[in-house]
Amino acid sequence: MLVALSDTFGTDLARGIGAIMLYAIVGLILMLLGFHAIDLTTPGKLSELVRRGLPNAVVITASGLLSMAFIVVVAIWTSSSDLVEGLITSLVYGLVGIVAQVLAVRLLEWATRIDVRSTIESDRYTPASFIVAAAHLALGLVVAVAIS
């Protein structure tokens, strides 16, 4: 059985692969910026605390990365079908979302009066780390839906 491909199949395929790579680069940049935003606004050096194996630092960092991923995915998902416009809106909405996420989490931590520094630097799991993690995830979803 022969399958006939359209005349533009090759160029459409190459364009699609290029778009995937460009969106992946934008996504990676946003994730790196998101991690650094979390790291800068959280007491202590998160990567160092995670390397030391501090369980609360791991929980909070992981939830922060997931919350940033929600924002980045929705920023890309809702972007324009035009490649250049889509890349620009993904980047801008992603950056605005990251800023909104960081501010919202810090505000919620302040409102709950959680001592984040002592929580993430503790050698034992503490219930407060799950509250901070839940705040990251919940607010990440809220910000992501706001982008859409």
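Residues numbered from 1 in each chain as written. Predicted model: local features only at pLDDT ≥ 70, side-chain atom pairs only at ≥ 80, totals over all residues. Heavy atoms only, no water.

A. Up close: the overall build of the chain. Helix and strand content of the chain: six helices and zero strands. Each helix (α) and strand (β) of the chain, taken in turn from the N terminus, gives the series α-α-α-α-α-α. For the chain, whose C-alpha radius of gyration is 19 Å, the value lies well above the compact-globule estimate of 15 Å for 148 residues. If you line up the chain on its principal axes, its C-alpha atoms span 65 × 30 × 25 Å. Out of the 148 residues belonging to the chain, those deemed buried represent 38%. The long-range fraction of contacts in the chain, counting pairs at least 24 apart against all pairs at least 6 apart in sequence, stands at 80%. Accessible surface for the chain amounts to roughly 8,800 Å². Of this, 73% is attributable to carbon and sulfur atoms. (Helix = DSSP H or I, 4+ residues; strand = E, 2+ residues; numbered from the N terminus. Rg over C-alpha atoms; globule rule 2.2 N^0.38 Å. Buried < 20%, exposed > 50% of the residue type's maximum accessible area, 1.4 Å probe, protein only. Contact = heavy atoms within 4.5 Å. Areas by Shrake-Rupley, 256 points an atom, 1.4 Å probe, with all protein chains shown as cover.)

B. Helix α6 (residues 127-147), seen in detail. Between its first and last C-alpha atoms α6 spans 31 Å; for 21 residues at 1.5 Å apiece the expected length is 30 Å, and the two agree. On its buried face, α6 sits against α1 (9-41), α3 (55-77), α4 (83-112) and α5 (116-120). (Expected span 1.5 Å × (residues − 1).)

C. Just the packing of aromatic side chains, in detail. Taken as a whole and assessed by the stated rule, the structure comprises one aromatic pair. Centre to centre, the rings of Tyr125 and Phe130 are 6.1 Å apart; their planes meet at 25°, and the pair counts as stacked. The exposure class assigned to Tyr125 is exposed, which follows from its relative accessible area of 56%. (Phe/Tyr/Trp six-rings, centres within 6.5 Å; stacked < 30°, edge-to-face > 60°.)

D. Representation of the UniProt feature "transmembrane region" (unreviewed entry) in the chain. Using the residue numbers shown here, the UniProt feature "transmembrane region" (unreviewed entry) corresponds to residues 20-38, 58-78, 90-108 and 128-147. End C-alpha atoms of residues 90-108 are separated by 26 Å, and the span's content is 100% helix alongside 0% strand. With 100% helix and 0% strand, the stretch residues 128-147 has end C-alpha atoms that lie 28 Å from each other. (UniProt positions renumbered as here; feature names shortened; annotations may be inferred.)

E. The environment of Pro43, seen in detail. If you trace the backbone, Pro43 turns up in the loop between α1 and α2 (46-51). By relative accessible area, which is 23% here, Pro43 ends up partly exposed. Residues Pro43 and Asp115, 72 residues apart in the sequence, show an inter-C-alpha distance of 9.5 Å. Look past the residues within four positions of Pro43 in its chain and what remains in contact with it is Leu49, Val116, Arg117 and Ile120.

F. Inspection of unusual backbone geometry at higher detail. Backbone geometry at Arg113 places phi at a positive 60°, although glycine is not the residue there. Within the element layout of this structure, Arg113 appears in the loop between α4 and α5.

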